[in-house]
Amino acid sequence: MEWKVLAVGDVVGNPGLDRIGHSLRYLKRKCDADFVIVNGENASVVGITQEQAEAIFDAGADVITMGNHTWSKREIVTYMDDCSRILRPANYAPQVPGRGYGIFETKVGPVAVIDLIGRCNMDYGPDNPFLMIEKILKEIDARLILVEMHAEATSEKLAMGYLLDGRVSAVWGTHTHVPTADAQVLPKGTGYVTDLGMTGPKNSVLGIRPELSIAKFRGDLPNRYQWANGPTKMEAVLFTIDTDTGLCRKAERVDISD
């Protein structure tokens, strides 16, 4: 039996939230997706509020994943403790709120979703994700396992993919907001892509007004980042999973753009 997972790239600002609200259910129907995971850590450009998280859930997401901006909106702390469907990186310090993975009941049985963060050029000094994933895999009992690797370095994401090849259903990267062209099934049967991309302003630098990013790299006085206006896009990958083996049959891009 086939089971399809739609993984959606980082939602950036109000334009990203609007695109999710208008297009996620359509794309879910078009792809016949059974389960939807959306990275929401940039819904406020940096961080996410409870209202924004609930808007993403209302649009059709089953799980929201986070990353290095998890704590940028401190009001989300209580919500993350109360809501099992929003995940922060599992390799953050054990005393922080929330949960790093969850087991979700679906029509094909329990599905594990694990959120990890890389250590290359990342804040907060996370634990080693390669050691943490080994610990988590020993704790869970699910045939279908989905792993997000929120990381800066493409090599770190790809190394995680090969570490987990044949052991989980799919691994995908987030954080860099640029979609990669390597959606594939790895040699032992795990679906993989280095980065999903992003959901939000099309004519932007990672969702931000280009002139603000140019000014930063030029060395001008710092300005608060603001999302860009204009046309939007939603970048995502669809993973088709064999429920008998728990491995991936196909990984394909299903982007939408104005």
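Quick note: structure is the one above.
Residues numbered from 1 in each chain as written. Predicted model: local features only at pLDDT ≥ 70, side-chain atom pairs only at ≥ 80, totals over all residues. Heavy atoms only, no water.

*Asks:* Sorry, what's going on with the side chain of Asp115 here?
*Replies:* Within the secondary structure, Asp115 sits in strand β7 (residues 109-117). With near-sequence residues (within four places) excluded, Asp115 lies in contact with Thr65, Met66, Leu87, Arg88, Pro89, Ala90, Gly100 and Glu148. (Helix = DSSP H or I, 4+ residues; strand = E, 2+ residues; numbered from the N terminus. Contact = heavy atoms within 4.5 Å.)

*Asks:* I'm lost on the packing of helix α1 (residues 13-31) against helix α2 (residues 50-58) in this one. Help?
*Replies:* Packed helices, taken two at a time, are described by their axes: the angle between them and the distance between them. Taken N-terminus to C-terminus, the directions of α1 and α2 make an angle of 20°; their axes are 9 Å apart at the nearest point. Classified by the angle their axes make, α1 and α2 are roughly parallel. Relative to α2, the crossing made by α1 is left-handed. Contacts between α1 and α2 involve Leu17, Ile20 and Arg25 from the first element and Gln52, Ile56, Phe57 and Asp58 from the second. (Axes fitted to C-alpha atoms, helices over the stretch in contact; angles between N-to-C directions. Parallel < 35°, antiparallel > 145°, perpendicular 65-115°, else oblique. Left-handed = near helix turned anticlockwise from the far one by under 90°.)

*Asks:* Mind showing me how you'd approach the sheet that holds strand β11 (residues 191-193) here?
*Replies:* Within a sheet, adjacent strands bond to each other through the backbone by hydrogen bonds, running parallel or antiparallel. Reading across the sheet, the 6 strands line up as β6-β7-β8-β9-β11-β10 and stay open at both edges, with mixed pairing between neighbours. Strand pairing shows two members of the sheet lacking a second neighbour, β6 (101-106) and β10 (184-185), which therefore form its edges. Relative to strand β9 (residues 170-174), strand β8 (residues 144-150) runs parallel, the two being bridged by 5 bridges. Paired with Val147 across the two strands is Val171, which belongs to β9. The strands touched by helix α4 (residues 129-139) are β6, β7 and β8; relative to β7, the strand with the most contacts, the crossing angle is about 165°. Along the sheet face, helix α5 (residues 154-164) touches β7, β8, β9 and β11 and points at about 170° away from the line of β9. (Pairing = 2+ DSSP bridges.)

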